[in-house]
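Notes for the structure review
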Amino acid sequence: MLTTDEQLDQALARVRQLETDAQASASLLTEATANNERLITQVTELTADRERLVADLATARASIDSLTQSQTEANTRITELTARNQTLEAAEQDLEQRASKRAAEIVASTGTTAPVPVTAKGDKQTEDLVARFKAISDPKAQTTFWRSLTAEQQALILSSAIAK
């Protein structure tokens, strides 16, 4: 059997061990509480991020819907414009045919058999005259060329310059 002093020493040692264990437990509890608070903060932040992302997703879906509707409207407008363009092209061809027929009637009424070199851009002769006139860089040579032209040719060059 143990003496009273030995029993007291054992009890004192046991109390010290229990105090040490209690302090360690308190430290662990404090650390666990801090971790718990940090995790709660993270969960709150992540929840806010999720809500923001859900709102962004809803906005993106609304934008997609709006853009899809705009694309549908644009496609409809393109179809309408394509049909209108085809109508105008057909009318232009008809107008060109009527103009060619009228030009042939005018030529026939003048009694000439030589065709007039007219293109969609204008008289081929005028284009040649203007090109020849512009090709001369010497003012004296240009004046000589100008004086060699008929009044009608000069008028063609002047009207071409005014039209441009």
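Whatever comes next refers back to the structure up there.
Described in the following lines is the structure provided in the data block. None of these values were measured; they are calculated from a predicted model. (Residues numbered from 1 in each chain as written. Predicted model: local features only at pLDDT ≥ 70, side-chain atom pairs only at ≥ 80, totals over all residues. Heavy atoms only, no water.)

**What about the overall build of the chain?**
We count it as follows: Helix numbers and strand numbers start at the N terminus; a helix is a DSSP run of H or I with at least 4 residues, a strand a run of E with at least 2. To be clear on the numbers: accessible area is Shrake-Rupley with a 1.4 Å probe, and residue cover counts the displayed protein chains and nothing else.
The helix and strand tally for the chain stands at four helices and two strands. When the helices and strands of the chain are placed in sequence order, the string is α-β-β-α-α-α. For the chain, the exposed surface amounts to about 13,900 Å²; the carbon and sulfur share of it is 58%.

**Examining the pattern of salt bridges**
What counts, and what does not: The term salt bridge refers to a pairing of a side-chain nitrogen on Lys or Arg with a carboxyl oxygen on Asp or Glu at a separation within 4 Å. Whether a residue is buried, partly exposed or exposed follows from its accessible area with a 1.4 Å probe, protein chains only, as a fraction of its type maximum: under 20%, in between, or over 50%, in that order.
Counted by the stated rule, this structure contains three salt bridges. Here Arg52 and Asp56 are joined by a salt bridge, their closest N and O atoms 3.3 Å apart. Here Asp56 and Arg52 lie together in helix 1 (residues 4-110), a separation of four residues that amounts to about one turn. Here Arg52 falls in the partly exposed class, since its relative accessible area comes to 43%.

**What about the packing of aromatic side chains?**
Note on aromatic pairs: each is described by the distance of the centres and the angle between the planes. Spelled out, the test is: A pair of Phe, Tyr and Trp rings is counted when the ring centres sit within 6.5 Å of each other, with Trp represented by its six-membered ring. The angle between the planes then sorts it: under 30 degrees is stacked, over 60 is edge-to-face, the rest tilted.
Scanning the entire structure with this criterion turns up two aromatic pairs. Summarising the aromatic geometry, the rings of Phe133 and Phe145 are spaced 6.3 Å apart at their centres and angled 35° between planes, so their arrangement reads as tilted. Highlighted residues: Phe133 in helix 2 (residues 124-135) and Phe145 in helix 3 (residues 139-148), separated in sequence by 12 residues. Plain terms: the ring middles of Phe133 and Trp146 are 5.6 Å apart, the flat faces sit at 55° to each other, and that makes the pair tilted. Pair noted here: Phe133 is in helix 2 and Trp146 is in helix 3, with a separation of 13 residues, a long-range link. By relative accessible area, which is 24% here, Trp146 ends up partly exposed. An aromatic cluster is present here, built from Phe133, Phe145 and Trp146 joined pairwise through their rings.

**With respect to the packing of helix 2 against helix 3**
Condition: To obtain an axis, a line is fitted to C-alpha atoms, over the contacting stretch when the element is a helix, and the angle between two such axes runs from 0 to 180 degrees between their N-to-C directions. Any angle that is under 35 degrees is reported as roughly parallel, and any over 145 degrees as roughly antiparallel; angles of 65 to 115 degrees are reported as roughly perpendicular and all others as oblique. Residue contacts follow a heavy-atom distance rule, with two residues in contact if any of their heavy atoms lie within 4.5 Å. Charged residues are taken to be Asp, Glu, Lys and Arg, nonpolar residues to be Ala, Val, Leu, Ile, Met, Phe, Trp, Tyr, Cys and Pro, and polar residues to be all remaining types, Gly included.
At a minimum axis separation of 9 Å, helix 2 and helix 3 run at an interaxial angle of 155°. Between helix 2 and helix 3, the angle falls in the class roughly antiparallel. Residues Leu129, Arg132 and Phe133 of helix 2 form the contact with helix 3, whose own contacting residues are Gln142, Phe145 and Trp146. Residues of the contact of helix 2 with helix 3, tallied by class, amount to four nonpolar, one polar and one charged.

**Regarding the nonpolar core**
Counted only if it meets this: Here, the term nonpolar core denotes a set of buried Ala, Val, Leu, Ile, Met, Phe, Trp, Tyr and Cys residues that are joined through side-chain atoms within 4.5 Å.
With five residues, the main nonpolar core is built from Leu129, Val130, Phe145, Leu149 and Ile157. Non-local contacts of Val130, meaning those with residues more than four positions away in its chain, are made with Ile157 and Ser160.

**Observations concerning helix 2**
The test is simple: Take the residue count of a helix, subtract one, and multiply by 1.5 Å to get its expected span. This arc is built from the directions going out from the helix axis to the C-beta atoms.
In a regular helix each residue adds 1.5 Å, so 12 residues correspond to 16 Å; helix 2 covers 16 Å between its end C-alpha atoms and thus fits that length. Looking at helix 2, one finds that the buried residues are Thr126, Leu129 and Val130. Along the axis of helix 2, the buried positions cluster into a sector of 95°, meaning they face one direction only. Residues of helix 2 that are exposed and angled more than 90 degrees away from the buried face: Arg132 and Ala135.

**A word on the side chain of Thr126**
Positionally, Thr126 belongs in helix 2. Its relative accessible area of 10% is what places Thr126 among the buried residues. Residues in contact with Thr126, not counting those within four places in the same chain, are Leu156 and Ser160.

Geometric descriptors of this kind do not, in isolation, establish any biological role.
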